[in-house]
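Each chain, written out:
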Amino acid sequence: SVGLGPALLLVLCAAFLTGAVLGALIGVRAPLGSGVSIDPDGSVYGYSSFWGHLIGCSRYHLVVLLFATSVFGAVLIPAALAFRGFVLSCAVASLAAAYPGRGVLLTTVVLGLPAALTVPALFMLAFDGMLFSTRLAAQCMHRVPPAQFIRGEDRALTAAAALFAAAALECFAIPPLVRLII
């Protein structure tokens, strides 16, 4: 519903930012050389095919879609976004610390470019999932559900296109850029 929308979006943003702050605090304190390495051939993500990259880009989105089908989705979806914010921020801090001098550029290319596509897509799916889950929970508790929200096929297709684009970036564009930087 329109009235519930801003509050849910605020909850999602607060969860993601809380996770990001905690991830940055922990990532900065990680010991140097704590498992952060980039192969000289530019492969970063550990996937050998486009489909592997697509699954890697989509994992949080798939979890959010799963949580959306639960009456507990209103709690689980913000937790998933907090975890995504934590992991992304911790990875940024660790990678930047592991490569002094080139770390900021590497994190921008390796993590920032895909995240510029995957994070907005995650928020689109999380918002719709939260609306669906709160409606489902209200119906299960025999309460009047929030007003029906606008169908979201266009947002789901936009999120899918963003995930395909992020996977293509990770598979085809980022390894050559990493080779240039290293």
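So, how was this worked out
Per chain, residue numbering runs from 1 following the sequence as it is written. Given that the model is predicted, a residue must reach a pLDDT of at least 70 before its local features are reported, and side-chain atom pairs must reach 80 or more before they are shown or counted; all residues, however, enter totals for whole chains, interfaces and linings. In computing side-chain values, all of the structure's heavy atoms are included and hydrogens and water are not. Working definition: helices are DSSP H or I runs of at least four residues, strands are E runs of at least two. Numbering for both runs from the N terminus. Here, two residues are considered to be in contact whenever any of their heavy atoms come within 4.5 Å of each other. In this analysis, a patch consists of residues with relative accessible area above 30% that form no salt bridge, clustered at 9 Å for like charges and at 5 Å for the nonpolar side chains Val, Leu, Ile, Met, Phe, Trp and Tyr. Each accessible area is a Shrake-Rupley result for a 1.4 Å probe, and residues are judged covered by the shown protein chains and nothing else. In the sections that follow, a salt bridge refers to a side-chain nitrogen of Lys or Arg positioned within 4 Å of a carboxyl oxygen of Asp or Glu. To estimate how far a helix should reach, multiply one less than its number of residues by 1.5 Å. With a 1.4 Å probe rolled over the protein chains alone, any residue whose accessible area is under 20% of its type maximum counts as buried; one over 50% counts as exposed, and the rest are partly exposed. We define a nonpolar core as any set of buried Ala, Val, Leu, Ile, Met, Phe, Trp, Tyr and Cys residues linked to one another through side-chain atoms lying within 4.5 Å. Counting of polar contacts relies on pairs of N or O atoms within 3.5 Å, with two restrictions inside protein: one atom must be capable of donating a hydrogen and the other of accepting it, and residues adjacent in sequence are counted only when both atoms are side-chain atoms.

S.K.: So what's going on with the environment of Ala167? Residues and values would help.
M.R.: Mapped onto the fold, Ala167 is located in helix 5 (residues 153-181). Distance from Ala167 to His53, taken between C-alpha atoms, is 5.0 Å for residues 114 residues apart in sequence. In contact with Ala167, not counting residues within four places along its chain, are Phe50, His53, Leu54 and Cys57.

S.K.: I'd love a proper account of a nonpolar patch on the surface, names of residues and values included.
M.R.: Taken together, the side chains of Val21, Leu22, Leu25 and Ile26 present a nonpolar region at the surface, about 360 Å² in accessible area. Within the fold, Ile26 resides in helix 1 (residues 5-28).

S.K.: Please give an account of helix 1 that cites residues and values.
M.R.: Here helix 1 contains 24 residues, and its C-alpha end-to-end distance of 34 Å stays within 8% of the 34 Å for a straight helix at 1.5 Å per residue. Listed as buried for helix 1 are Gly5, Leu8, Leu12, Ala15, Phe16, Gly19, Ala20, Gly23 and Gly27.

S.K.: I'd like a description of the nonpolar core, backed by residues and values.
M.R.: Ranked by internal contacts, the top residues of the largest apolar core, which has 27 residues, are Ile77, Leu81 and Leu106. Elements supplying a minimum of two residues to this core: helix 1, helix 2 (50-68), helix 3 (73-98), helix 4 (103-140) and helix 5. Residues in contact with Leu106, not counting those within four places in the same chain, are Ile38, Leu95, Tyr99, Leu111, Val178 and Ile181. Among the nonpolar cores identified, the runner-up in size contains seven residues, and Leu54, Cys57, Ala167 and Cys171 belong to it.

S.K.: With reference to specific residues and values, describe the side chain of His61.
M.R.: Here His61 lies in helix 2. The buried category is assigned to His61, whose relative accessible area is 3%. Within the local environment of His61, its side chain forms a polar contact with the backbone oxygen of Cys57, the two atoms lying 3.2 Å apart. In this view, His61 contacts Thr118, Ala121, Leu122, Leu125 and Leu163; residues no more than four positions away in its chain are not counted.

S.K.: Can you tell me about the pattern of salt bridges, naming the residues and giving the values?
M.R.: Side chains carrying opposite charge are able to pair once their charged atoms draw close together. A full pass over the atoms with the stated rule returns two salt bridges. Measuring nitrogen to oxygen at the nearest pair gives 2.9 Å for the salt bridge that ties Arg155 to Asp128. Taken together, the positions of Arg155 in helix 5 and Asp128 in helix 4 put the pair 27 residues apart, joining distant regions of the chain. Relative accessible area serves as the criterion here: at 24%, Arg155 is assigned to the partly exposed category. Using a relative accessible area of 13% as the deciding quantity, one classes Asp128 as buried. A salt bridge links Asp154 to Arg155; the nearest nitrogen and oxygen atoms lie 3.9 Å apart.

The quantities given are spatial measurements derived from coordinates; they are silent on function.
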